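# Observations on the three-dimensional arrangement
Chain residues, written in single-letter form:
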Amino acid sequence: FFQSAAMVKILKPAWVDHDSQPIFSIHVHPDGSRFATAGQDHLIKLWAMRPVVDRAAEADEAEPRLLATLDGHHGAVNCVRWSADGLLLASGSDDHLVMLWRQAAAGEAGASAPFGSPAPP
C-alpha cells in the first residue's frame, strides 16, 4: 500500500551562495532555525532559515542571513549533517577528512563570533 505524496518545489534564494560555485549538500538544523550548506569552495556556511520561509523577513535588509562560515577543509565539502540533538555538525570533504563541529562557548580559546552575533561571519 503506497500513498501518493505531492511534490514540493523549493527555489534556492539568490543570497544562498558559495561564491557562485556549486553547493553539494544542505541540511536543516533539528530545531528548524538554521541550515548548513557545503560547497566546492571548501567552506561550510550556516544560514538563517527565517528569511527562506518568511517573505517579509527575506525582504528585510536587517534580517540576518549568513550566520557563520566554517573553514578548515582543503577540498570541496561534499556533505554536511547535523546530529539529532543539533549540538554537532559533521562535514565530509574531498580532502579525505570528516570534521565534527560544535559551537564554542563564549570566551572559549579559538572561538570566533557566535552564530547570529553582530560580528562579521
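Now for a description of the structure that goes with this document.

Bringing the packing of aromatic side chains into the picture now. Summed over the entire model, instances satisfying the criterion amount to two aromatic pairs. Between Trp 15 and Trp 47 the ring centres are 5.8 Å apart and the planes differ by 55 degrees, which places this aromatic pair in the tilted class. Taken together, the residues Trp 15 in the segment before strand 1 (23-28) and Trp 47 in strand 3 (residues 44-48) connect sequence positions 32 residues apart. Since its relative accessible area comes to 3%, Trp 47 is described here as buried. Residues Phe 35 and Trp 47 carry aromatic rings whose centres are separated by 6.5 Å and whose planes lie at 20 degrees to one another, so their mutual orientation is stacked. In this pair, Phe 35 is assigned in strand 2 (residues 34-39) and Trp 47 in strand 3, connecting sequence segments twelve residues apart. Across the pair, Trp 47 and Phe 35 agree in class, each one buried. Ring pairing ties together the aromatic residues Trp 15, Phe 35 and Trp 47, which thus form one cluster. We note Arg 65 situated over the ring of Trp 15; from NZ or CZ to the ring centre the distance is 5.3 Å.

On to the side chain of Lys 45, then. In this structure, Lys 45 sits in strand 3. Here Lys 45 sits buried without a salt bridge, and the closest side chain of opposite charge, Asp 41, lies 4.4 Å off (N-O distance). Residues in contact with Lys 45, not counting those within four places in the same chain, are Asp 17, His 18, Phe 35, Ala 36, Thr 37, Leu 66, Ala 68 and Thr 69.

Conventions we followed
Residues numbered from 1 in each chain as written. Predicted model: local features only at pLDDT ≥ 70, side-chain atom pairs only at ≥ 80, totals over all residues. Heavy atoms only, no water. Phe/Tyr/Trp six-rings, centres within 6.5 Å; stacked < 30°, edge-to-face > 60°. Helix = DSSP H or I, 4+ residues; strand = E, 2+ residues; numbered from the N terminus. Buried < 20%, exposed > 50% of the residue type's maximum accessible area, 1.4 Å probe, protein only. Lys NZ or Arg CZ within 6 Å of the ring centre and 35° of its normal. Lys, Arg positive; Asp, Glu negative; His and termini not counted. Salt bridge = Lys/Arg side-chain N within 4 Å of Asp/Glu carboxyl O. Contact = heavy atoms within 4.5 Å.

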